[in-house]
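Structural overview
As a plain string of letters, each chain reads:
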Amino acid sequence: MATTFDVVDIIRTKRDGGELSTEQINWVIDAYTRGIVGDEQMAALNMAIFIRDMNRREIVDWTQAMINSGERMDFSSLSKPTTDKHSTGGVGDKVTLPLGPLVSSFGVAVPQLSGRGLGHTGGTLDKLEAIPGWKADMSNARMMEILEDSGAVVAAAGAGLAPADKKIYALRDITATVDCIPLIASSIMSKKIAEGTSSLVLDVKVGSGAFMKDLDQARALAQTMVDLGHDAGVQTRALLTDMSTPLGKKIGNGLEVEESIEVLQGGGPSDLVEITCELARHMLDLAGVHDADVETALKDGRAMDSWRRMIKAQGGDPDAKLARAPHTYEVLAEKEGTVQQLDALALGVGSWRLGAGRARKEDPVQATAGIEIHVDLGQRVTKGHKLLTLHTETPERFEHALNSILPGIVIGEAAAPERRIILDRIV
């Protein structure tokens, strides 16, 4: 007969700074998933963990218990190695779109189980659904077929993967316990390990538009996740990348698809290309493809061919013209000077208010809403220079969006600080 515990004792142990045993962790995660432990009790335990922290063994056990709450995928029957990427989320972060086809063009399978956007960070599924006909939902069998034939897939994560995490995350979101390294790391890694990929590269964003604002805190999170991956037998690396300024020049679902296609055509903004290529090199290296010339694969059309196969396999039309919003508004420079700041959070919230994001998971999103950025950090502009173009289907949103956007644009006389895109690597 399985051991049962008193949940109040478990909460008290962690509240008082004690260490939870493997058996206690296994029991409380299972009991909460099955509804035996109540939301208010798990909320109290999350807060105790938030305040008192967890040691490495506890984090490993917590992660494993969440994996054990559901099914695990297995890609070992594929004829090619698998690798995946996870980003902690940011503004204009459309890297998944060109990255999967780029990596798969080297004969490596890239199963990407993605989600929808919430708040100021966009969701990969929302972006791809701007392509006519494209569908995220599919059976595991169909996913395996696409991976074998096309090499890359972007699908909605099934409800069977780490269901405990889904339930706990929803609770953390409404109890101010989201930004806690043990809970973030176990949330991300339980899903990624359950997804069954043999290697994983993490893109941990740092800056105003990211989950982690501080480099040292982001480094600690990245190291914890890399350790969790290694402990579970998944080859794992992490990059820490800048999210003080939006990534690329376009924010919003359809606009980000447009920019991803520019990258796959051998163009696109330099910061987006730099991160895409660096992540691709690490993913391929872990999958056994060393010293891959990923820049050439973007320029010679191989990555674009992989993109077209991936989109077609999921019902999309890669040749379809993407819709554009019927209403636009241009933001112009009010004075001459140097662009010193394009704050990622300010522009991300602005794009969300234009209709590109959602406040609640059931809200609809506008495929055409968002922001185009026409200037670079450090660029000299004159009065009246076009800085941004805002896009929306509902023009009454412009004023509310501008209230967020305008304070995030700083033009002055001093030079802008030099921007480094890749801040650190943990391998």
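Residues numbered from 1 in each chain as written. Predicted model: local features only at pLDDT ≥ 70, side-chain atom pairs only at ≥ 80, totals over all residues. Heavy atoms only, no water.

Moving on, we come to helix H7 (residues 140-149). Among all positions in H7, only Met143, Met144, Ile146 and Leu147 are buried. End-on view of H7: buried residues confined to an arc of 165 degrees, all on one side of the axis. Seen from the buried face of H7, the exposed residues on the opposite side, beyond 90 degrees, are Ala141 and Asp149. In this structure, the buried side of H7 is in contact with strand S2 (110-114), strand S3 (152-156) and helix H14 (302-313). A positive phi of about 95 degrees marks Gly151, the residue just after H7. (Buried < 20%, exposed > 50% of the residue type's maximum accessible area, 1.4 Å probe, protein only. Helix = DSSP H or I, 4+ residues; strand = E, 2+ residues; numbered from the N terminus. Arc of directions from axis to C-beta. Contact = heavy atoms within 4.5 Å.)

Right, let's get into the UniProt feature "domain: Pyrimidine nucleoside phosphorylase C-terminal" (unreviewed entry) in the chain. In the numbering used here, UniProt assigns the feature "domain: Pyrimidine nucleoside phosphorylase C-terminal" (unreviewed entry) to residues 338-412. Along residues 338-412, the helical share is 28% and the strand share 29%, with 5 Å between the first and last C-alpha atoms. (UniProt positions renumbered as here; feature names shortened; annotations may be inferred.)

This paragraph deals with the sheet that holds strand S1 (residues 84-87). Read across the sheet, 4 strands follow the order S1-S4-S5-S13 without closing on themselves; strand pairing throughout is mixed. Each edge of the open sheet is held by one strand with a lone partner, namely S1 and strand S13 (422-426). Direction aside, neighbouring strands of the sheet carry axes that sit 20 degrees apart on average. Sheet topology places strand S4 (residues 199-206) next to strand S5 (residues 235-242); 8 bridges connect them, and they run parallel. Note that in S5 the partner of Ser199 across the bridge is Gln235. Taken strand by strand, helix H12 (residues 270-286) contacts S1, S4, S5 and S13, and its axis lies near 150 degrees from that of S4. (Pairing = 2+ DSSP bridges. Axes fitted to C-alpha atoms, helices over the stretch in contact; angles between N-to-C directions.)

Before going further, it helps to spend a moment on the environment of Asp9. You can see Asp9 is positioned in helix H1 (residues 7-15). Residue class for Asp9 comes out partly exposed when judged on its relative accessible area of 38%. On a C-alpha basis, the gap between Asp9 and Leu147 in space is 47 Å, while along the polypeptide they are 138 residues apart.

What follows concerns the packing of aromatic side chains. What the rule picks out here adds up to 2 aromatic pairs. Ring geometry for Tyr329 versus Phe398: centroids 5.7 Å apart, planes at 35 degrees, classification tilted. In this pair, Tyr329 is assigned in strand S7 (residues 327-332) and Phe398 in helix H16 (residues 398-405), connecting sequence segments 69 residues apart. The ring of Tyr32 carries the charged tip of Lys167 above its face, separated from the ring centre by 4.4 Å. Taking NZ or CZ as reference, Arg302 lies 5.4 Å from the ring centre of Phe106, over its face. (Phe/Tyr/Trp six-rings, centres within 6.5 Å; stacked < 30°, edge-to-face > 60°. Lys NZ or Arg CZ within 6 Å of the ring centre and 35° of its normal.)

On to the packing of H1 against helix H3 (residues 39-52). The geometry of H1 relative to H3 is characterised by a closest axis approach of 8 Å and an angle of 15 degrees between their N-to-C directions. Accordingly, the angle class assigned to the pair H1 and H3 is roughly parallel. Where H1 crosses over H3, the handedness of that crossing is left-handed. Across the interface between the two elements, Val7, Ile10, Ile11, Lys14 and Arg15 of H1 pack against Gln41, Ala44, Leu45, Ala48, Ile49 and Arg52 of H3. (Parallel < 35°, antiparallel > 145°, perpendicular 65-115°, else oblique. Left-handed = near helix turned anticlockwise from the far one by under 90°.)

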